[in-house]
Amino acid sequence: MAVDSKGALTAAPRETLLSVRNLKTYFPQDEGTVKAVDGVSFDLYPGGTLGIVGESGCGKSVTARSILGIVDRPGRIVEGEIHFRRRAIDGGAEADRMVDLATLAPNGPEMRAVRGAEIALIFQEPRSSFSPVHTIGNQIDEVIMLHQQLDRRQAREKTIEMLRRVGVSSPEERVNQLSNQLSGGLRQRAMIAMALSCNPSLLIADEPTTALDVTTQTQILALMRQLQQEDGMAIMLITHDLGVIAEMARDVAVMYLGRVVEQAPVDEIFHAPRHPYTQALLRSIPRIRSGPRERLTPIAGSVPHPYDRPSGCPFHPRCPEFMPGTCDRQAPSLRLVGDQHAVSCFLYE
Amino acid sequence: MLAYIGRRALLAVFTVWAISVLAFVIIQLPPGDYVTSYIAQMAASGSVVSEEEADNLRIQYGLGRPIYVQYYKWVKLFAEGNFGMSMEWKRPVTEVIGDRLWLTMVVAVSALLLTWVLALPIGIYSAVRQYSLGDYAATFVGFIGLAVPNFLLALVLLYLGFTLFNANTGGLFSVELQDAPWSMAKAWDLLKHLPIPALILGLAGTAQQVRIMRANLLDELRKPYVVTARSKGLTEGRVILKYPVRLALNPFASTIGYTLPYIVSGSIIVSLVLGLPTVGPLLLRALIAQDMFLAGTIVLLLGVMTVIGTLVSDILLVWIDPRIRLEDS
Ligand SMILES: Nc1ncnc2c1ncn2[C@@H]1O[C@H](COP(=O)(O)OP(=O)(O)OP(=O)(O)O)[C@@H](O)[C@H]1O
Ligand SMILES: [Mg+2]
């Protein structure tokens, strides 16, 4: 993580794969502006796994979509930078280079060349994330033909090979099936096959296992880890489930109301959380080693209405460490408090 | 797939049978049997039907025998292309209907095609650019299209044609070609006359279909598979046309079945106003004059055409939505 003289996060250092700075994505509506993402910053390294956690509605999915340039209208990125390291063109004639995805036209050729090929997305709803009237094969072939110079037949071979890799049995038959002929777990496997078919350097997984039963969930996570080891892609894993984070992530970014309040390696998040929100979040979930009578404490208060975000630090109305005159006046910025540990809180300024 | 189409076809045959019973009932409705009224009609106009001819007719139609025999004989004659005599015109029904039946279909089908050609892109645009100026404009024009009776629109267009261009916009043919035998020139003439009646007849349907398409597509655009398609890096146009539009087409295509008869029956007044040689006005007159062979025949033929239209839309549906195929096997 790079720091400026005051200890705040600055532009990305050379080695990051994705470096998001002060990203703001707003949805103008008749009732007011929904500030879904309001100043998010985090870094993601090649081959690493960054877990993103936070309560429902804190802007995790919108962050993911902003990176891909597929925010629903009328939402759009109003500010911020998304530096992404583009792959070197074959043969290495041109070195890999950073592009700011936030400056690209969302439907322009460069953004589309990145989307699906270098950054891929899988998400929650396995029932409806495939078109119900096109065969699985048709939908996977499509992305292969779009980004690789392969004809229909070669693309189909690749599709079958990918399905086999993700553990779909008799893929030659499955390619001709519709998504409703597949079980939830198989659909998510097919989804992963599609996402990885162009060998992306970043896979964004937005709650990929939330809708699956526990056994299938474990299998899918194991598959993702295995494929990550084989292909070396980075994973941005969005989830509510801290158990999944503990199992998968190397680093964790904790989000609250459209902002990252803390980012640190997974061990530090679990054993030395610094932000009062992270601490409260950890107290609210059961731990394996917790004593039988240890009580869970829900986070006090409730998530504010999206049109009506608190001034200053967005967490101050619920914060046990609230400092009147400071937290409700100014917004803290993300600052390094350890080697790789950044917190956005006045307690540490 | 074949089983599905087979079942649909079977259903179509059954429907045709039901319509034929209905047409038969219509023919049987007036008091007295057909030959008696035929003789009376002929007598009223001064010509005499010989005993022999009357007996022949009675045998041909099985009069005096059980009703199902009569029905059977009538169907048999019908299948042979003998639709009976028109009382009012005193000519075989086949001659009276003449070109009108298929001209009706030509007008109806072109109205339907025009509806689709207009409604599809406008509906897609309205959904994709919801609440844009264009969407509001389409909605506004659409409601006008729904609210204005089409015969009024026909009158307005006739009037404008006369005053502005001094042209007769009515009819399906130019006066000099009206009774000419079929030729390339006449077919071309028909093509030139078609747009106006097609537009008038299709406008209300277009407005309705725009609303249907817009609503369907708005539903589909929110589905996760659209996000998936976008995340692949496809162009926005490709995303929309390949995925949500394809699904939105489903309920849209299933409306063909009922749009056709709607256009045909809706065409009666417009045909009168525009002087179109379709079966609509003929059916109206036949019903008023209790010219039952003519009325029954028209009802039956229109029914058959509608059933064919529905069958076509069913087959189209299988193509659009392969899930139907699956549910079947
Ligand atoms: N298309 C949209 N129009 C308006 N507001 C939106 C839209 N999409 C998201 N939002 C708003 O943005 C905020 C963040 O939504 P987002 O989906 O990113 O939350 P999330 O963190 O992914 O939640 P969850 O854990 O429930 O998936 C929410 O307040 C939501 O209401
Ligand atoms: Mg979400």
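Since we're looking at a predicted model, the values are computed, not measured. (Residues numbered from 1 in each chain as written. Chains lettered and ligands numbered in written order. Predicted model: local features only at pLDDT ≥ 70, side-chain atom pairs only at ≥ 80, totals over all residues. Heavy atoms only, no water.)

Chemist: Got a minute to help me understand the overall build of chain A in this structure?
Modeler: If you tally the helices and strands in chain A, you get ten helices and twelve strands. Here chain A has a C-alpha radius of gyration of 21 Å; the compact-globule value for 349 residues is 20 Å, and the two agree. On the principal axes, the C-alpha backbone points of chain A span a range of 65 × 50 × 45 Å. By the burial criterion, 54% of the 349 residues in chain A qualify as buried. For chain A, the share of sequence-separated contacts (at least 6 apart) that also reach a separation of at least 24 residues comes to 63%. (Helix = DSSP H or I, 4+ residues; strand = E, 2+ residues; numbered from the N terminus. Rg over C-alpha atoms; globule rule 2.2 N^0.38 Å. Buried < 20%, exposed > 50% of the residue type's maximum accessible area, 1.4 Å probe, protein only. Contact = heavy atoms within 4.5 Å.)

Chemist: Explanation requested: the interface of chain B and chain A in the structure shown.
Modeler: When the parts of a complex come together, some accessible area is lost, and that lost area is often used as the size of the interface. Across the contact, 23 residues belong to chain B and 30 residues belong to chain A. Taken over both partners, the interface formed by chain B and chain A buries close to 2,300 Å², and the fraction arising from carbon and sulfur atoms is 62%. Contact with chain A buries surface across chain B, with Val227, Ser231 and Lys232 of chain B losing the most and accounting together for 24% of the total. Joining chain B to chain A, the criterion identifies three salt bridges. Among the salt bridges present, the one from Asp72 of chain A reaches Arg230 of chain B, with a minimum N-O distance of 3.9 Å. Where chain B meets chain A, there are twelve residue pairs in polar contact (both at pLDDT 80 or more). Those elements that place two or more of their residues in the side of chain B that touches chain A are helix 11 (224-231), helix 12 (236-242), helix 13 (244-253) and helix 17 (323-328) of chain B. Looking at which element gives the most residues to the side of chain B that touches chain A, the answer is helix 11 of chain B, with six residues. For the side of chain B that touches chain A, the class distribution of residues is ten nonpolar, four polar and nine charged. (Buried area = accessible area lost by both parts, 1.4 Å probe. Salt bridge = Lys/Arg side-chain N within 4 Å of Asp/Glu carboxyl O. Polar contact = N/O pair within 3.5 Å; in protein donor to acceptor, adjacent residues only side chain to side chain. Nonpolar A, V, L, I, M, F, W, Y, C, P; charged D, E, K, R; others polar.)

Chemist: Quick question: what am I supposed to make of the sheet that holds strand 5 (residues 97-100) of chain A here?
Modeler: Strand pairing in a sheet relies on backbone hydrogen bonds, with the paired strands running either antiparallel or parallel. All names here are of chain A. Read across the sheet, four strands follow the order 2-1-4-5 without closing on themselves; strand pairing throughout is antiparallel. Where the open sheet ends on each side, the last strands, each with one partner, are strand 2 (32-44) and strand 5. Across the sheet, the mean angle separating the axes of adjacent strands is 15° when strand polarity is ignored. As paired strands, strand 1 (residues 18-29) and strand 4 (residues 76-86) are joined by seven bridges and run antiparallel to one another. What sits directly across from Leu18, in strand 4, is Phe84. Along the sheet face, helix 1 (residues 60-68) touches strand 1, strand 2 and strand 4 and points at about 110° away from the line of strand 1. (Pairing = 2+ DSSP bridges. Axes fitted to C-alpha atoms, helices over the stretch in contact; angles between N-to-C directions.)

Chemist: It is not clear to me how the environment of Glu176 of chain B should be interpreted in this structure. Could you clarify?
Modeler: Residue and element names in this part refer to chain B. Of note, Glu176 is situated in the loop between helix 8 (150-165) and helix 9 (184-193). Overall, the relative accessible area of 65% leaves Glu176 in the exposed class. Here the alpha-carbon distance between Glu176 and Val69, two residues 107 residues apart in the chain, equals 47 Å.

Chemist: Can you help me understand the site of ligand 1 in this one?
Modeler: Residues and elements named next belong to chain A. In the vicinity of ligand 1 lie 15 residues, with Ser56, Gly57, Lys60, Ser61 and Val62 positioned nearest. One of the backbone nitrogen or oxygen atoms of Val62 is found 2.9 Å away from an oxygen atom of ligand 1. For ligand 1, an oxygen atom lies 3.2 Å from a polar atom in the side chain of Glu207. The fraction of the free accessible surface of ligand 1 (640 Å²) that becomes covered by protein chains is 70%. Counting residues per element, the shell around ligand 1 draws most heavily on helix 1, which supplies three residues. Here the shell around ligand 1 is built from residues that sort into six nonpolar, six polar and three charged. (Near = heavy atom within 4 Å. Areas by Shrake-Rupley, 256 points an atom, 1.4 Å probe, with all protein chains shown as cover.)

Chemist: What is the right way to look at the pairing of strand 6 (residues 119-123) of chain A in this model?
Modeler: Consecutive side chains along a regular strand alternate between the two faces of the sheet. Residues and elements named next belong to chain A. Summarising burial for strand 6: five of the five residues are buried, a large majority. The two faces of strand 6 match: Ile119, Leu121 and Phe123 on one face and Ala120 and Ile122 on the other face are all buried. Examined bridge by bridge, strand 6 and strand 7 (residues 202-206) share five bridges and lie parallel to one another. Its bridge partner being in strand 7, Leu121 is matched across the sheet by Ile204.

Chemist: Just to check I follow, could you spell out the pattern of salt bridges for this structure?
Modeler: Opposite charge on two side chains makes pairing possible when the charged atoms of those side chains draw close. Following the criterion strictly, the structure yields 25 salt bridges over all chains and no others. Note that Glu110 of chain A and Arg97 of chain A form a salt bridge whose closest N and O atoms lie 3.8 Å from each other. Highlighted residues: Glu110 of chain A in helix 2 (residues 109-114) and Arg97 of chain A in strand 5, separated in sequence by 13 residues. By relative accessible area, Glu110 of chain A is classed as partly exposed at 27%. For Arg97 of chain A, a relative accessible area of 34% translates into the label partly exposed. Taking the shortest distance from any N to any O, the salt bridge between Asp219 of chain B and Arg222 of chain B comes out at 3.7 Å. On the accessibility criterion, Asp219 of chain B (44% relative accessible area) is partly exposed. Classification of Arg222 of chain B by relative accessible area gives exposed; the value is 62%. One salt-bridge network, in which partners are shared between bridges, spans Arg65 and Asp72 of chain A together with Arg230 and Glu236 of chain B.

Chemist: How should I be thinking about the side chain of Thr209 of chain A in this particular structure?
Modeler: Residues and elements named next belong to chain A. Checked against the element boundaries, Thr209 lands in the loop between strand 7 and helix 7 (214-231). Its relative accessible area of 5% is what places Thr209 among the buried residues. When neighbours within four sequence positions are excluded, Thr209 is seen to be in contact with Gln217, Ile220 and Leu221.

Chemist: How do you make sense of the sheet that holds strand 6 of chain A when you look at a structure like this?
Modeler: All names here are of chain A. Taking strand neighbours across the sheet as the criterion, the eight strands line up as 6-7-8-3-9-10-12-11 in an open arrangement whose pairing is mixed. Each edge of the open sheet carries a strand with a single partner, namely strand 6 and strand 11 (335-336). The pairing of strand 3 (residues 49-53) with strand 9 (residues 251-256) spans four bridges and is classified as parallel. The residue bridging Leu50 from the neighbouring strand is Asp251, located in strand 9.

Chemist: Can you help me understand helix 15 (residues 279-288) of chain B in this one?
Modeler: Each α-helix winds once per 3.6 residues, and so residues spaced three or four apart point in a common direction. Every buried residue of helix 15 of chain B is accounted for by Val279, Gly280, Pro281, Leu282, Leu283 and Ala286 of chain B. The positive-phi residue at the C-terminal boundary of helix 15 of chain B is Gln290 of chain B, with phi of around 55°.

Chemist: What's the story with the layout of surface pockets in this structure? I'm lost.
Modeler: The gaps left among the atoms become clear once a water-sized probe is rolled over them. Residue and element names in this part refer to chain A. Here the largest pocket is characterised by a volume of approximately 1,400 Å³. Along its surface, the largest pocket is lined by 45 residues, and Val71, Asp72, Arg73, Pro74 and Gly75 are the ones closest to its centre. Among the residues making up the lining of the largest pocket, the classes are represented as 23 nonpolar, eight polar and 14 charged. (1 Å grid on protein atoms, 1.4 Å probe; cavity = no way out; pocket = protein on both sides within 12 Å on 5 of 7 lines; lining within 4 Å. Points joined across faces, edges and corners; volume = space filled by probe spheres on them.)

Chemist: How should the packing of aromatic side chains be read in this particular structure?
Modeler: Aromatic ring pairs are defined here through the distance separating the ring centres and the angle between the ring planes. The full count for this structure, using the stated rule, is twelve aromatic pairs over all chains. Ring plane angle 70° and centroid distance 5.1 Å describe the contact between Tyr277 of chain A and Phe315 of chain A, whose orientation is recorded as edge-to-face. Placement of the pair is Tyr277 of chain A in helix 10 (residues 276-283) and Phe315 of chain A in the loop between helix 10 and strand 11, with a sequence separation of 38 residues. As far as burial versus exposure is concerned, Tyr277 of chain A and Phe315 of chain A are alike and both buried. When the ring of Phe173 of chain B is compared with that of Trp182 of chain B, the centres are 5.7 Å apart and the planes differ by 75°; the resulting orientation is edge-to-face. Judged by its relative accessible area of 8%, Phe173 of chain B is buried. (Phe/Tyr/Trp six-rings, centres within 6.5 Å; stacked < 30°, edge-to-face > 60°.)

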